[in-house]
Amino acid sequence: SGALRLDAPFAWEDKWILARLSHCSKVTNQAWERYEFSTTTTTTYSFFLHDLCDVYLELLKPRFYGDAEQGASEEDKRRLGEDRSVARDVLYICLDWSMR
C-alpha cells in the first residue's frame, strides 16, 4: 500500500534507515529548490549505495534468512513473521522513495 503502520514493531535498523531516508529527502528537496543538481544526485546516490545497500540490506539478511523458526513456538513464529513483514514494508518504502 505504500504506507507504514505507525504502531508496527520497528527494529532499531528500521528506525535508522527511515531517519536516513528522511534526511536524504530533506537535503535533496532543499538542493532541488536551489537548482543544485549535483547535490541532489550525490545525496540520493549516497543514500542508496551506502545507507540502503551497504548497511540496511546487510542488517536485513538475518531477519529474512535466520534459522530462528526451527523449534520455535507458535507465538515466536508469529513474531518472526511480523518482524519480516515490517522489514519488507520499510524496504519497500525506501526503494519507492529513492526511485522518485
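No experiment lies behind these values; they were computed from the predicted model shown.

About the criteria used
Residues numbered from 1 in each chain as written. Predicted model: local features only at pLDDT ≥ 70, side-chain atom pairs only at ≥ 80, totals over all residues. Heavy atoms only, no water. Helix = DSSP H or I, 4+ residues; strand = E, 2+ residues; numbered from the N terminus. Rg over C-alpha atoms; globule rule 2.2 N^0.38 Å. Buried < 20%, exposed > 50% of the residue type's maximum accessible area, 1.4 Å probe, protein only. Contact = heavy atoms within 4.5 Å. Areas by Shrake-Rupley, 256 points an atom, 1.4 Å probe, with all protein chains shown as cover. Lys, Arg positive; Asp, Glu negative; His and termini not counted. Charge placed at Lys NZ, Arg CZ, Asp CG, Glu CD. Polar contact = N/O pair within 3.5 Å; in protein donor to acceptor, adjacent residues only side chain to side chain. 1 Å grid on protein atoms, 1.4 Å probe; cavity = no way out; pocket = protein on both sides within 12 Å on 5 of 7 lines; lining within 4 Å. Points joined across faces, edges and corners; volume = space filled by probe spheres on them. Expected span 1.5 Å × (residues − 1). Axes fitted to C-alpha atoms, helices over the stretch in contact; angles between N-to-C directions. Parallel < 35°, antiparallel > 145°, perpendicular 65-115°, else oblique. Left-handed = near helix turned anticlockwise from the far one by under 90°. Nonpolar A, V, L, I, M, F, W, Y, C, P; charged D, E, K, R; others polar.

Caption draft 1: Structural context of the overall build of the protein chain. Check the secondary structure of the protein chain and you find 3 helices and 0 strands. Here the protein chain has a C-alpha radius of gyration of 16 Å; the compact-globule value for 100 residues is 13 Å, and the former is much larger. C-alpha atoms of the protein chain, sized along the principal axes, occupy 55 × 25 × 20 Å. Within the protein chain, the fraction of its 100 residues that count as buried is 27%. Sequence separation of 24 or more characterises 70% of the internal contacts of the protein chain that already satisfy a separation of 6 or more. Total accessible area on the protein chain stands at roughly 6800 Å², and carbon and sulfur atoms take up 56% of it. Of the charged side chains in the protein chain, 13 are positive and 17 negative; the average position of the first set lies 2 Å away from that of the second.

Caption draft 2: Broad picture of the environment of D7. Mapping D7 onto the fold places it in the segment before α1 (12-33). A polar contact of 3.1 Å, which involves the side chain of D7, links it to the side chain of R5.

Caption draft 3: Fine view of the layout of surface pockets. Considering only enclosed or pocket space, the largest pocket measures out at about 250 Å³ in volume. Lining the largest pocket, in full, are L21, C24, S25, T28, N29, T44, F47, W97, S98 and R100. Elements that contribute at least two residues to the lining of the largest pocket include exactly α1, α2 (37-65) and α3 (74-98). Element by element, the count of residues in the lining of the largest pocket is highest for α1, at 5 residues.

Caption draft 4: Quick look at α2. Compared with the 42 Å implied by 1.5 Å per residue over 29 residues, the 39 Å span of α2 between its first and last C-alpha is a close match. Every buried residue of α2 is listed here: T40, T43, F47, D51, L52, Y56, L60 and R63. Of the surrounding secondary structure, the elements contacted by the buried residues of α2 are α1 and α3.

Caption draft 5: Local environment of the packing of α1 against α3. Close contact between α1 and α3 brings their axes to 10 Å; oriented N to C, the two are set at 15 degrees. Comparing their axes, α3 and α1 come out roughly parallel. Both α1 and α3 take part in a crossing whose hand is left-handed. Residues D14, I17, L18 and L21 of α1 pack against V86, A87, V90, I93, C94 and W97 of α3. Grouping the constituent residues of the contact of α1 with α3 by class yields 9 nonpolar, no polar and 1 charged.

Caption draft 6: Here's a closer look at the side chain of T43. By the secondary structure assignment, T43 is in helix α2. Within the structure, T43 has its side chain in polar contact with the backbone oxygen of T39 (distance 2.7 Å). Discounting residues that sit within four places of it in the chain, T43 has contacts with C24, V27 and T28.

Treat this as a map of the structure, not an account of what it does.
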